[in-house]
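Chains, contacts and geometry: an overview
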Amino acid sequence: MALKLVDKWIWDSWYVKDGDTYHAFYLSASRALGDPNRRHLHPIVGHAISTDMTNWTVVRDALIVSEDNEAFDSYTTWTGSVVRDDNGLWWMFYTGTSRINNAMVQTVGAATSKDLLVWDKISSQPLAVADPKWYEKHGDNAWVGEAWRDPWVFRFPKGVDSGVAKVGVPAGTEPSEVWHMLVTARANSEAGGDYLTRGVVGHATSTDLTNWTVQPPISKPHQGFGQMEVFQFEIVDGVPILFFCCGWNELAPERLEAWGKRDATYSLVVKPDLADLDFTKAHGFEHRLVYAGRLIQGPDGGWNVIGFDNFDADGEFVGQLCDPIPVTATAELGIVAKADL
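Residues numbered from 1 in each chain as written. Predicted model: local features only at pLDDT ≥ 70, side-chain atom pairs only at ≥ 80, totals over all residues. Heavy atoms only, no water.

1. Regarding the overall build of the chain
- A tally of regular secondary structure across the chain gives one helix and 21 strands.
- Over its C-alpha trace the chain gives a radius of gyration of 19 Å, about what one expects of a compact globule, namely 20 Å for 341 residues.
- Principal-axis analysis of the C-alpha atoms places the extent of the chain at approximately 50 × 50 × 40 Å.
- Sequence separation of 24 or more characterises 58% of the internal contacts of the chain that already satisfy a separation of 6 or more.
- Per element, the accessible surface of the chain, about 14,400 Å² overall, is 49% carbon and sulfur.
- Where the 28 positive side-chain charges of the chain centre and where its 45 negative ones centre are 1 Å apart. (Helix = DSSP H or I, 4+ residues; strand = E, 2+ residues; numbered from the N terminus. Rg over C-alpha atoms; globule rule 2.2 N^0.38 Å. Contact = heavy atoms within 4.5 Å. Areas by Shrake-Rupley, 256 points an atom, 1.4 Å probe, with all protein chains shown as cover. Lys, Arg positive; Asp, Glu negative; His and termini not counted. Charge placed at Lys NZ, Arg CZ, Asp CG, Glu CD.)

2. With respect to the sheet that holds strand 6 (residues 90-97)
- With antiparallel pairing, four strands are arranged side by side in an open sheet as 5-6-7-8. Here the strands that pair on one side only, and so sit at the sheet edges, are strand 5 (76-84) and strand 8 (120-121).
- As judged from the eight bridges shared by strand 5 and strand 6, these two strands associate in the antiparallel manner. By the bridge assignment for strand 6, arginine 84 is matched with tryptophan 90. (Pairing = 2+ DSSP bridges.)

3. Considering the pattern of salt bridges
- In the structure shown here, the tally under the stated rule is 13 salt bridges.
- The residue glutamate 146 makes a salt bridge to lysine 137 at a minimum N-O spacing of 2.9 Å.
- For glutamate 146, a relative accessible area of 3% puts it in the buried group.
- Aspartate 276 is the salt-bridge partner of lysine 271, the closest N and O atoms lying 2.8 Å from each other.
- Here lysine 271 falls in the partly exposed class, since its relative accessible area comes to 40%.
- Overall, the relative accessible area of 62% leaves aspartate 276 in the exposed class.
- If you follow the salt bridges from partner to partner, you end up with Glu136, Arg186 and Arg198 in one network. (Salt bridge = Lys/Arg side-chain N within 4 Å of Asp/Glu carboxyl O. Buried < 20%, exposed > 50% of the residue type's maximum accessible area, 1.4 Å probe, protein only.)

4. What about the sheet that holds strand 3 (residues 44-50)?
- Read across the sheet, four strands follow the order 1-2-3-4 without closing on themselves; strand pairing throughout is antiparallel. Edge strands, defined here as strands with exactly one partner in the open sheet, are strand 1 (8-18) and strand 4 (57-58).
- Pairing of strand 1 with strand 2 (residues 21-30) involves nine bridges; the strand directions are antiparallel. From the neighbouring strand, tyrosine 15 faces strand 2, where its bridge partner is alanine 24.

5. A short note on the nonpolar core
- Ranked by size, the top nonpolar core spans 54 residues in total, and within it Phe25, Val82, Met92, Trp119, Leu295, Val305 and Ile335 carry the most contacts.
- In contact with isoleucine 335, not counting residues within four places along its chain, are Val236, Ile241, Phe243, Ser267, Phe285, Leu295, Val305, Val327, Thr328 and Ala329.
- Residues Phe154, Val160, Cys246 and Ala264 belong to the second largest nonpolar core, which totals 26 residues. (Core = buried A, V, L, I, M, F, W, Y, C linked by side-chain atoms within 4.5 Å.)

6. A word on the side chain of asparagine 310
- Relative to the elements of secondary structure, asparagine 310 occurs in strand 18 (residues 303-311).
- Overall, the relative accessible area of 11% leaves asparagine 310 in the buried class.
- In terms of polar contacts, asparagine 310 uses its side chain to reach the side chain of aspartate 263, at 3.3 Å.
- Apart from residues no more than four positions distant in its own chain, asparagine 310 is found in contact with Asp263, Tyr291, Glu316, Phe317, Val318 and Gly319. (Polar contact = N/O pair within 3.5 Å; in protein donor to acceptor, adjacent residues only side chain to side chain.)

7. Comments concerning the pairing of strand 18
- With respect to burial, strand 18 is a largely interior element, eight of its nine residues being buried.
- Here strand 17 (residues 291-297) pairs with strand 18 via five bridges, running antiparallel. Paired with arginine 294 across the two strands is isoleucine 306, which belongs to strand 18.
- The antiparallel hairpin formed by strand 17 and strand 18 contains five residues in its connecting segment, where glycine 301 sits at a positive phi of about 90°.
- Where strand 18 and strand 19 (residues 317-321) come together, three bridges link them in antiparallel fashion. In the strand pairing of strand 19, aspartate 309 is matched with glutamine 320.
- Linking strand 18 back to strand 19 in an antiparallel pair, the connection comprises five residues, with glycine 315 at a positive phi of about 80°.

In structure tokens:
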């Protein structure tokens with residue numbers, strides 16, 4: 001059954017597997033807020049576990065906002081990802097906004113855990129912040145707020161030593177030892193053009209998960225998206241895929257005309273080193289229009305998509321996670337549901 005809570009809405013989620021147990025972390029907010037649009041400023045990072053990705057048991061919440069008003073996450077704790085370092089410690093990178101700027105500036109911080117249940121924030125200050133040399137800052141845009149969120153942290157496998165994989169690699173260090181962070185971001189006003197085309201893939205690198213160097217974006221603006229949210233990079237059945245989502249009202253006019261007024265998760269077939277990204281070739285996942293979809297390998301090793309159900313036929317916000325959708329990837333279309341083949 002889908003993960004649905006009677007007292008809370010659920011939206012963005014991210015996953016990690018430890019042994020035979022899947023851990024789902026997700027944004028949630030009380031349905032007592034009444035208006036689901038209010039959820040964005042009242043989120044808690046919830047946590048549920050499962051052995052089959054279908055039957056979930058809710059456990060203690062993972063993160064809430066910090067009490068210090070000047071902390072980077074004193075207003076909200078938003079979407080992130082989880083990795084395990086070489087010493088076995090779990091790291092959750094997540095988005096924060098602060099009360100000192102009324103949630104108008106997004107930054108990235110982290111918490112650590114030994115057991116995936118109890119999380120300790122490592123700093124009240126962010127670890128990665130948008131650099132105005134390349135990225136749009138608050139006050140330099142036609143949007144509400146400064147985008148620098150949804151960190152997806154990973155390492156390239158051994159043998160990949162070109163393209164993005166070679167960025168930020170210190171002398172004497174193997175590319176596979178460097179951590180990369182992909183971030184929802186927008187190009188600054190120097191990029192020109194329609195603001196609904198300025199979405200880019202923000203990028204930062206680190207060798208220790210604590211000290212991050214913000215790099216230039218790994219994609220160019222003016223490729224059809226005002227912003228791309230909730231990135232994930234995976235090799236799915238031999239096909240390198242960059243997974244992301246975008247709301248219909250944030251699409252460039254030409255893509256909106258072709259796609260229509262549908263919020264969707266998209267896939268882009270990419271090179272293994274993430275070089276030369278071309279988002280004009282991205283395909284929407286049409287089998288089921290879940291939002292903030294994630295790619296997860298099931299117990300049988302096959303790939304699945306899990307995302308949240310956004311709106312029902314009456315336009316009411318649903319706010320629940322879907323059951324796993326078995327998928328594969330093709331070099332032509334990216335992620336496709338196995339049922340549609």
